[in-house]
Amino acid sequence: MGVCQTREERESALNSVAIDKAIEEDSKQSKKECKILLLGAGESGKSTIVKQMKIIHQNGYTQQDAIGFRPTIYKNTIESIHAVITAIRTTFGLSFENPENEAVAQRLMAIRVQYDDAFRITPEVAEAIHAIFNDPTTTIAIDRSNEYYLLDSAPYFFSEIQRIGSPDYIPSEQDILRARVKTTGITETRFSMGQLNIHMFDVGGQRSERRKWIHCFEAVTSIVFCVALSEYDQVLLEESNQNRMAESLTLFESVINSRWFLRTSIILFLNKVDLFTMKLKKNPLENYFPEYKGTLTPEADLAQIPEWQLAHPFSTFYEGGPDVNKAAKFILWRFTQTNRARLNVYPQFNEFGVSVASMTQATDTSNIRLVFAAVKVTILQNALMDSGIM
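Counting restarts for each chain, with residues numbered from 1 along the sequence as it is written. Local features in this predicted model are restricted to residues of pLDDT 70 or higher, and side-chain atom pairs are both shown and tallied only at a pLDDT of 80 or more, whereas totals for entire chains, interfaces and linings draw on every residue. The basis for every side-chain value is the complete set of heavy atoms in the structure, and neither hydrogens nor water enter the calculation.

Observations concerning the nonpolar core
Nonpolar side chains in soluble globular proteins generally cluster together in the buried interior. The biggest cluster of nonpolar side chains holds 37 residues, and the ones touching the most others in it are Val84, Leu108, Ile121, Ile129, Ile132 and Ile164. Think of it this way: any DSSP run of H or I at least four residues long counts as a helix, any run of E at least two long counts as a strand, and we number them from the N terminus. When contributions to this core are tallied by element, the ones reaching two or more residues are helix 4 (70–91), helix 5 (100–109), helix 6 (123–133), helix 7 (136–143), helix 8 (154–159) and helix 9 (161–164). Tallying contributions element by element places helix 4 first for this core, with 8 residues. In this analysis, two residues are considered to be in contact whenever any of their non-hydrogen atoms come within 4.5 Å of each other. Leave out the neighbours within four places in its chain, and Ile121 touches Tyr74, Thr77, Ile78, Ala126, Ile161, Ile164 and Gly165. To qualify as a nonpolar core, a set must consist of buried Ala, Val, Leu, Ile, Met, Phe, Trp, Tyr and Cys residues joined through side-chain atoms within 4.5 Å. Whether a residue is buried, partly exposed or exposed follows from its accessible area with a 1.4 Å probe, protein chains only, as a fraction of its type maximum: under 20%, in between, or over 50%, in that order. Counting 34 residues, the second-largest nonpolar core is a separate cluster that includes Ile223, Leu249, Phe276 and Leu280.

Right under this line is the structure:
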C-alpha cells in the first residue's frame, strides 16, 4: 500500500535531506581542519615557527615582504649593540682593548632608533658596529650574555652588519627568521599540510600576554609548546631573579594539567639547540639544575645503589657533562615529569635516540621541515582517533 504525500510534505522531506547532507559535509570538512596552538614563554621561538610555516607552506616571503622587515632588523641591531656597550661599561666595568673604540661606542650610544621606513643603518654606522664587534672585550661581553639581556640573534646581526648597512640592503630569509618582534595579542596563520587544513595560533609569551590565551583554547587539536633550551642560564626580562627555564617548566605544568586540554595532544619543541650546544661547555647545566648528572661516576659502588635508582637516568650518582644529547634528554625528562594529567606528549625520536622535539633549531628551515613532517603524522593520527576511524 503506498503512502501519498502532499506537495508540502515532499518539499519538506527534500529540504531535510539537503540539510542532512550539508551537515555531513560540514562535519567531514571540520575533521580535516586542525587547530594548533603555539604556546611557550617569551622568546622561545614560537613566532619563528610561524615564519617557517610561511616559507614551507605559503611560498615564502616576497621582496616587498622582506623590505618590510628592515626596520625591525635595524632596531634589533642598534638595541643589541647598545646592550653590549652598556654591559661592558656598567655591568662588567671593562674597557675596550682598542682605545679608539671608546669614542666609537660613544657615537653608537647616541643613536636613537626610529621605528619607521626612514631610519637606516648607514655604512658609517655599520663600520662602527663592526669595529666594536671585533674588539676582544666585546667577545667577553657576549660570552657572558646570561648576566644581562641580549637578543639571541645579536651575534648574527653583528657578523652580517656590513651587508645590513649597505644602501641597497634587502633582508634575506635568514635575516627574517632571526628578526625579533615581541608578539602581542593573537596571530592566526592558515596553511595546508597534505589533506589537513591547519589553523595555527601564535600568542604572546610574556606574562602580561598570557591572560589572552584563554580565547584560543576551544576545540584545539594540538598544542606545540616551545621551550628555548638555551635559556637554562638566563633570567626573565620581566623578573631578573627568575630563571627562564624554571619559568617555562611552571608554565608547561599549568598547560598540560589544565582541564581545557584533556583531549589535546601536546607536542614539545625544545628549541635553540645550536645556542644550547655552544653554551654547555661554558656554563654547565648542573650549575643551574644541580640534579642533572651526565655520566655514571666510575667510583660509584653499583652494589650499593638501589635497582630503581640505577634505572633512573638522572640519579644523583651521575656527574654532569657537556654532552648535548644527555643534557637535552634531561630537560625533556624534567618537562614530562610535570604531566600529572598523563596526557599524550609527543616527542619524535631521531637517529641519535634523542627526541627531535628536544633538538629543534627554529631558524633552520630544513630542520623544521623534518620535524613538522613528524608533527603532521601525530596530528593526523589524533584527527582519525577523534573521528572514530582509529
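Some thoughts on the sheet that holds strand 3 (residues 196–203)
Paired strands, as defined in this entry, are two strands with at least two bridges between them according to DSSP. An order of 2-3-1-4-5 is seen for the 5 strands of this open sheet, with the pairing classed as mixed. Every other strand in the sheet has two partners, leaving strand 2 (186–193) and strand 5 (265–271) as the edge strands with one partner each. Averaged over all pairs of adjacent strands, the angle between their axes in this sheet comes to 25 degrees, without regard to strand direction. What counts as an axis is a line fitted to C-alpha atoms, over the stretch in contact for a helix, and the angles between N-to-C directions run from 0 to 180 degrees. The strands that helix 2 (residues 46–57) touches are strand 1 (33–40), strand 2, strand 3, strand 4 (222–228) and strand 5; relative to strand 3, the one it contacts most, it runs at about 150 degrees. Contacts between helix 14 (residues 324–336) and the sheet are confined to strand 4 and strand 5, with strand 5 contributing the most and set at about 145 degrees to the helix.

Brief notes about the pattern of salt bridges
A pair is scored as a salt bridge if a Lys or Arg side-chain nitrogen falls within 4 Å of a carboxyl oxygen belonging to Asp or Glu. Going through the model one piece at a time under the given rule, you end up with 10 salt bridges. A salt bridge links Lys75 to Glu79; the shortest N-O distance between them is 3.1 Å. Linking Lys75 with Glu79, this pair stays in helix 4, spanning 4 residues, or about one helical turn. Residue class for Lys75 comes out partly exposed when judged on its relative accessible area of 27%. The class of Glu79 is partly exposed, set by a relative accessible area of 39%. A salt bridge links Arg163 to Asp175, with the shortest nitrogen-to-oxygen separation between them at 2.8 Å. Placement of the pair is Arg163 in helix 9 and Asp175 in helix 10 (residues 173–178), with a sequence separation of 12 residues. According to the relative accessible area criterion, Arg163 is partly exposed, its value standing at 30%. Given the relative accessible area of 0%, Asp175 is considered buried. Connected through shared salt-bridge partners, Glu160, Arg163 and Asp175 make up one network.

Some remarks on empty space enclosed by the protein
One water molecule sets the probe size; rolling that probe over the atoms shows where empty space is left. The pocket and cavity definitions rest on a 1 Å grid over protein atoms only: a 1.4 Å probe that fits but cannot leave marks a cavity, an open set with protein on both sides within 12 Å along at least five of seven lines marks a pocket, and residues lining either have an atom within 4 Å of a point. Grid points are joined across faces, edges and corners, and a volume is the space filled by probe spheres set on the points. Inspection of every chain in the model, using the stated rule, returns 2 cavities of 30 Å³ or more. Here the second largest cavity is characterised by a volume of approximately 30 Å³. As for the second largest cavity, its lining consists of Met245, Leu249, Phe289, Phe330, Ile331, Arg334 and Phe335. Broken down by element, the residue count for the lining of the second largest cavity peaks at 4 residues, all from helix 14. Only Asp, Glu, Lys and Arg are considered charged, only Ala, Val, Leu, Ile, Met, Phe, Trp, Tyr, Cys and Pro nonpolar, and every remaining residue, Gly among them, polar. Considering only residue class, the lining of the second largest cavity consists of 6 nonpolar, no polar and 1 charged.

A look at helix 7
For helix 7, the full list of buried residues reads Thr137, Thr138, Ala141 and Ile142. Looking straight down helix 7, one finds its buried side chains confined to an arc of 140 degrees; they lie on one side. Pairs of N or O atoms within 3.5 Å make up the polar contacts considered here, provided that, within protein, one atom can donate a hydrogen while the other can accept it, and that residues adjacent in sequence are counted only when both atoms are side-chain atoms. Its side-chain oxygen 3.0 Å from the backbone nitrogen of Thr137, Asp135 forms the N-cap of helix 7. This arc corresponds to the set of directions leading from the helix axis out to the C-beta atoms.

Observations regarding the layout of surface pockets
Taken as a whole, the second largest pocket spans an internal volume of roughly 440 Å³. Residue lining of the second largest pocket: 19 residues in total, with Ile142, Ser145, Pro155, Leu275 and Met278 positioned closest to the centre. Counting residues per element, the ones that place at least two in the lining of the second largest pocket are helix 7, helix 8 and helix 12 (273–282). When residues of the lining of the second largest pocket are assigned to their parent elements, the largest contribution, 5 residues, is made by helix 12. For the lining of the second largest pocket, the residue count by class is 7 nonpolar, 5 polar and 7 charged.

Looking at unusual backbone geometry
Its identity is not glycine, yet Glu43 carries a phi of approximately 65 degrees, on the positive side. As for its position among the elements, Glu43 is in the loop between strand 1 and helix 2. Although it is not a glycine, Lys272 adopts a positive phi angle of roughly 60 degrees. With respect to the helices and strands, the residue Lys272 is situated in the loop between strand 5 and helix 12.

Brief notes about helix 6
Within helix 6 the residues assigned to the buried category are Val125, Ala126, Ala128, Ile129 and Ile132. One side of helix 6 holds all its buried residues, which, seen down the axis, span an arc of 160 degrees. Tucked inside the fold, the buried residues of helix 6 contact helix 4, helix 5, helix 7, helix 8 and helix 9.

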